[in-house]
Amino acid sequence: MASRTTIYMNRHNHKEFMAEAIRQAGENIRNGNGGPFGAVIVKDGKVVATAGNRVTSSNDPTAHAEIVAIREACKELNTFDLSGCVIYASCEPCPMCLGAVMWARINKLYYAANRDDAARAGFDDEVFYTELSLPPDQRQLPVDQLMQDDAIEVFNQWIEKTDKIEY
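No experiment lies behind these values; they were computed from the predicted model shown.

Caption draft 1: Structural context of the overall build of the protein. Along the backbone of the protein there are eight helices and four strands. In terms of overall dimensions, the protein has a C-alpha envelope of 55 × 40 × 30 Å along the principal axes. Evaluated residue by residue, the protein yields a buried proportion of 31% over its 167 residues. Considering only contacts in the protein between residues 6 or more positions apart, those separated by 24 or more positions represent 51%. When the accessible surface of the protein is totalled, it reaches about 10800 Å², and 54% of it is carbon and sulfur. Positive and negative side-chain charges of the protein, numbering 17 and 24 respectively, have mean locations separated by a distance of 10 Å.

Structure below.
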């Protein structure tokens, strides 16, 4: 596996990859596929996936550009582990996308616009940042825990499974 220092390209390449993410965002608006967001995933200096936001065109609230790009990169590389990859996002990822980037084990994230820029355009994620910092019983979304013991039994089965694929 390449070291982190060899994975990251020179600044010129970073700008090219970010320009592509921004281009994807603009193209997404022109095509009417969704919001003004784009993402590019790169491995070993090569683009493995590009995507725009597809929320409205796919009727999928999780189809943010970063998520769509992660799905495409996983298909392209035939893996659920994107270690060694870098993601370029036209905007600072929302909490859902940041979580997905982390779950995918992507090594580095670059973004262009920030969440304040997005909020000015009508994409305000502040409620999510605020909600996630609160204990579950203080959030706007009502939450109740049910059947914990039954769920723990399933986790125990996982712990004891000898042929599992760890992730």
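Caption draft 2: Layout of the sheet that holds strand 3 (residues 85–91). A sheet is described by the order of its strands in space; here four strands give the open sequence 2-1-3-4, paired in mixed fashion. Whereas interior strands pair on both sides, the edge strands pair on one side only; in this sheet they are strand 2 (46–52) and strand 4 (108–113). Shown here is a sheet whose adjacent strand axes are inclined to one another by a mean of 15°, direction ignored. In the sheet, strand 1 (residues 38–43) pairs with strand 2 via six bridges, with the strands oriented antiparallel. In the strand pairing of strand 2, Gly 38 is matched with Gly 52. Its contacts with the sheet put helix 4 (residues 65–77) on strand 1, strand 2 and strand 3, and the angle it makes with strand 2 is roughly 140°.

Caption draft 3: Spatial organisation of the environment of Pro 142. Its location among the elements puts Pro 142 in the loop between helix 7 (126–132) and helix 8 (148–160). Between the alpha carbons of Pro 142 and Met 96 there is a distance of 19 Å; along the sequence they are 46 residues apart.

Caption draft 4: Spatial organisation of the pairing of strand 4. In terms of strand pairing, strand 3 meets strand 4 through five bridges, oriented parallel. Across the sheet, the residue bridging to Cys 91 is Ala 113, located in strand 4. Handedness of the strand 3-helix 5 (residues 95–103)-strand 4 crossover: right-handed.

Caption draft 5: Looking closely at the nonpolar core. Residues Ile 41, Ile 70, Ala 73, Leu 82, Ile 87 and Ile 106 are the most contacted members of the largest nonpolar core, which totals 25 residues. Among the elements that make up this core, the one with the highest residue count is helix 4 (seven residues). When sequence neighbours within four positions are dropped, the list of residues in contact with Ile 41 reads Lys 46, Val 47, Val 48, Ala 49, Ala 69, Ile 70, Ala 73, Leu 82, Cys 85, Val 86, Ile 87 and Ile 106. Counting residues in each nonpolar core, the second largest holds seven residues, with Met 18, Val 40, Val 42 and Tyr 88 among its members.

Caption draft 6: Spatial organisation of a nonpolar patch on the surface. There is a patch of nonpolar side chains on the surface, built from Phe 80, Trp 103, Trp 158, Ile 159, Ile 165 and Tyr 167 and spanning about 770 Å² of accessible area. Tracing the backbone shows Ile 159 in helix 8.

Caption draft 7: Region of the structure containing the environment of Phe 123. Mapping Phe 123 onto the fold places it in the loop between helix 6 (115–120) and helix 7. What makes Phe 123 partly exposed here is its relative accessible area of 32%. Distance from Phe 123 to Ala 21, taken between C-alpha atoms, is 18 Å for residues 102 residues apart in sequence. Setting aside residues up to four positions removed in sequence, Phe 123 forms contacts with Gly 35, Pro 36, Phe 37, Arg 115 and Ala 118.

Caption draft 8: Here's a closer look at helix 5. Those residues of helix 5 lying buried are Cys 97, Ala 100 and Val 101. An end-on view of helix 5 places all buried positions within 100° of arc, on one side of the element. Away from its buried face, by an angle of more than 90 degrees, helix 5 presents the exposed residues Met 102 and Trp 103. The elements touched by buried residues of helix 5 are helix 4 and strand 3. Two residues or fewer past helix 5, Arg 105 is found with a positive phi of approximately 65°.

Criteria and thresholds
Residues numbered from 1 in each chain as written. Predicted model: local features only at pLDDT ≥ 70, side-chain atom pairs only at ≥ 80, totals over all residues. Heavy atoms only, no water. Helix = DSSP H or I, 4+ residues; strand = E, 2+ residues; numbered from the N terminus. Buried < 20%, exposed > 50% of the residue type's maximum accessible area, 1.4 Å probe, protein only. Contact = heavy atoms within 4.5 Å. Areas by Shrake-Rupley, 256 points an atom, 1.4 Å probe, with all protein chains shown as cover. Lys, Arg positive; Asp, Glu negative; His and termini not counted. Charge placed at Lys NZ, Arg CZ, Asp CG, Glu CD. Pairing = 2+ DSSP bridges. Axes fitted to C-alpha atoms, helices over the stretch in contact; angles between N-to-C directions. Right-handed = clockwise from strand over helix to strand, strands pointing away. Core = buried A, V, L, I, M, F, W, Y, C linked by side-chain atoms within 4.5 Å. Patch = residues over 30% accessible without salt bridge, like charges linked within 9 Å, V, L, I, M, F, W, Y side chains within 5 Å. Salt bridge = Lys/Arg side-chain N within 4 Å of Asp/Glu carboxyl O. Arc of directions from axis to C-beta.

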